[in-house]
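# Summary of structural features
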Amino acid sequence: MPDEKLPSRTENFSEWYNQLVLRAELAHYAPVRGCMVVRPYGWALWENIQKSLDRRFKETGHTNAAFPLFIPMSFLAKEKEHVEGFSPELAVVTIGGGQDLEEPLVVRPTSETIVGYMYSKWIKSYRDLPILINQWGNVVRWEMRTRLFLRTLEFYWQEGHTAHATSQEAQEETLRMLNVYADFAINDAAVPVVPGQKSDREKFAGAVNSYTIEAMMGDTRALQAGTSHFLGQNFAKAFDIQFLDWNNELQYAWTTSWGLSMRVVGAIIMTHGDNQGLILPPKLAPIQVVIIPIYKNDTEKSKVMEVVSNIQQDLTSFRIHIDDRSELTPGFKFNDWELRGVPLRIEIGPKDVENSTVTFARRDHPGKAGKSSVSRTQLSPRVAELLTQIQTKMHERALAFRQSNTCFLRDYQELGQAVQNGRVLAWWCGREECELKVKEESKATTRCIPFEQSGEEGKCIVCGQPASKKVYFARAY
Ligand SMILES: [Zn+2]
């Protein structure tokens, strides 16, 4: 249905987003409220995200494993903050095979508990450490307000779980993986992010410290795109993960966990998309180049298609697709692939065949401005060059947008209005009281305390008391 116009992105961002997800065939609503079906195009995008992250996980020494979907209810209760944080969102199985279960099972909302239990069996000595395991899987959190990709009852993600002999090593791991996420977001998803620490109120239930990469969407709202948690010895004590150290003394291990979910697909859509549809970063796009043959009759067709098949040979190192649907007009196809966000389109008509050229159209520059004619002998290097340019431009554009929608404030009176139109950096004393006041009065939350700080002192924007850190306030997804 690409001939049907999308709702305007500027006038109704939310409806634009929902319609775009459906029409670009990324996902569909499932029969159960709050669940979604990820369609092949959406899954192909997720697969590229997976590959891109998985490579980084392996490079940093991690291996993949799979833990079970069901967790005994009693496991969750072992870590007090963890159970308080997750209880309201649990899906619980009480009947199995037609019989009441002796102990109810929760469908994992996250796997710290089951992993902790297993680690207590596997870790006996310092020689068993560190353990660096990642799992790709799905989890269930019974959310009340849901949104395709951004918040669904069941979602796909990866969760890393590591155990270490020292606190320092675990803290280094926590930040290493946050950097991996930031590197992925910036360089592959072209989504600018700010790495920083979560406030105590916003941190993961059961963590000592939580860190996040925060992104800004096209409507200026914030989105937490990945988190990494230093769990201290909280889960080690709850699950008795102990080891004999170098002095043959029994110690509790130090653990971390870190996760990035499919909501990053939502981040990509909302960071880059425009009124025509998606704009996918070349490094992750399921199709990097779409080729559209243009002809009026069979004679033209056979000439054009011959060149198309030669071009296909030249471009084997890219993810390409040839749209040879004969029942559709080129104009329809242009709109269709623009809606789906393919970064680069190649048009080949009889004129191009005659001149040994092709016509390029860039998705990030719709219309004439993004068109160019290229000699066929230059094709492959030129495609590589253009995809790199598009990737860079997308990040630059998003970065410029974020900068123009961020302000530094000292006056609390201005905060309420400012967070309606963007992100605010301000001094904060660190007290929950002040954080809550902002939330109640303007619906903005503290997003993160960025690592990058000036080292100066200021006055809390809410209470005026001395503050040593600046924090980002924003309304968030
Ligand atoms: Zn304060």
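Here the structure is shown first, and the text comes after it.
To keep things clear, this report deals only with the structure shown in the data block. (Residues numbered from 1 in each chain as written. Predicted model: local features only at pLDDT ≥ 70, side-chain atom pairs only at ≥ 80, totals over all residues. Heavy atoms only, no water.)

In this section: the overall build of the protein. Helices and strands together make up the secondary structure of the protein, namely 14 helices and 25 strands. In terms of overall dimensions, the protein is globule-like: its C-alpha atoms have a radius of gyration of 25 Å, near the 23 Å expected for 477 residues. Each principal axis of the C-alpha distribution contributes one length, and for the protein these read about 80 × 55 × 45 Å. Buried positions account for 53% of the 477 residues belonging to the protein. Surface summary for the protein: the accessible area is close to 21600 Å², and the carbon and sulfur share equals 49%. Taking the 56 positively charged and 58 negatively charged side chains of the protein as two groups, their mean positions are separated by 4 Å. (Helix = DSSP H or I, 4+ residues; strand = E, 2+ residues; numbered from the N terminus. Rg over C-alpha atoms; globule rule 2.2 N^0.38 Å. Buried < 20%, exposed > 50% of the residue type's maximum accessible area, 1.4 Å probe, protein only. Areas by Shrake-Rupley, 256 points an atom, 1.4 Å probe, with all protein chains shown as cover. Lys, Arg positive; Asp, Glu negative; His and termini not counted. Charge placed at Lys NZ, Arg CZ, Asp CG, Glu CD.)

For the pair helix H2 (residues 40-59) and helix H6 (residues 167-187), the least separation of the axes is 10 Å and the interaxial angle reads 140°. Relative to H6, the crossing made by H2 is right-handed. For the pair formed by H2 and H6, the contact residues are Ile 49, Ser 52, Leu 53, Arg 56 and Phe 57 on the first element and Met 177, Val 180, Tyr 181, Asp 183, Phe 184 and Asn 187 on the second. For the contact of H2 with H6, the class distribution of residues is seven nonpolar, two polar and two charged. (Axes fitted to C-alpha atoms, helices over the stretch in contact; angles between N-to-C directions. Left-handed = near helix turned anticlockwise from the far one by under 90°. Contact = heavy atoms within 4.5 Å. Nonpolar A, V, L, I, M, F, W, Y, C, P; charged D, E, K, R; others polar.)

Coordination of the zinc ion by the protein is provided by Cys 429 (SG), Cys 434 (SG), Cys 460 (SG) and Cys 463 (SG), with metal-donor distances spanning 2.3 to 2.4 Å. Given four donor atoms and angles of 105 to 117° at the metal, the environment of the zinc ion is assigned as tetrahedral. (Donors = N, O, S within 2.8 Å, 3.2 Å for Na, K, Ca; no water. Tetrahedral: all angles 85-135°; square planar, octahedral: opposite > 155°, others 65-115°.)

What follows concerns the sheet that holds strand E7 (residues 131-140). Backbone-to-backbone hydrogen bonds join strands into a sheet, with any given pair of strands oriented parallel or antiparallel. Strand order in the open sheet made by the eleven strands is E3-E7-E8-E14-E11-E10-E9-E22-E25-E21-E20, with mixed pairing throughout. Sheet topology places strand E3 (63-64) and strand E20 (406-408) at the edges, where each strand pairs with a single neighbour. As paired strands, strand E9 (residues 193-197) and strand E22 (residues 445-450) are joined by two bridges and run antiparallel to one another. The residue of E22 that forms the bridge with Gln 197 is Ile 449. Docked against the sheet, H2 engages E3, E7, strand E8 (154-164) and strand E14 (254-261), running at close to 160° with respect to E7. (Pairing = 2+ DSSP bridges.)

What follows covers the nonpolar core. One finds Ile 49, Phe 149, Phe 184 and Ile 269 to be the most contacted residues of the largest nonpolar core, which totals 57 residues. Of all the elements, H6 adds the most residues to this core, at seven residues. Dropping the residues within four chain positions of it, Ile 269 is found in contact with Trp 16, Tyr 17, Leu 20, Val 21, Leu 26, Phe 149 and Leu 278. (Core = buried A, V, L, I, M, F, W, Y, C linked by side-chain atoms within 4.5 Å.)

Oppositely charged side chains are able to pair whenever their charged atoms sit close together. Taken as a whole and assessed by the stated rule, the structure comprises 25 salt bridges. Residues Lys 58 and Asp 54 are paired through a salt bridge, measuring 2.5 Å at the closest nitrogen-oxygen approach. Taken as a pair, Lys 58 and Asp 54 lie in helix H2 at a separation of four residues, close to a single helical turn. The class for Lys 58 is partly exposed, based on a relative accessible area of 44%. Judged by relative accessible area, Asp 54 falls into the buried class, the value being 14%. (Salt bridge = Lys/Arg side-chain N within 4 Å of Asp/Glu carboxyl O.)

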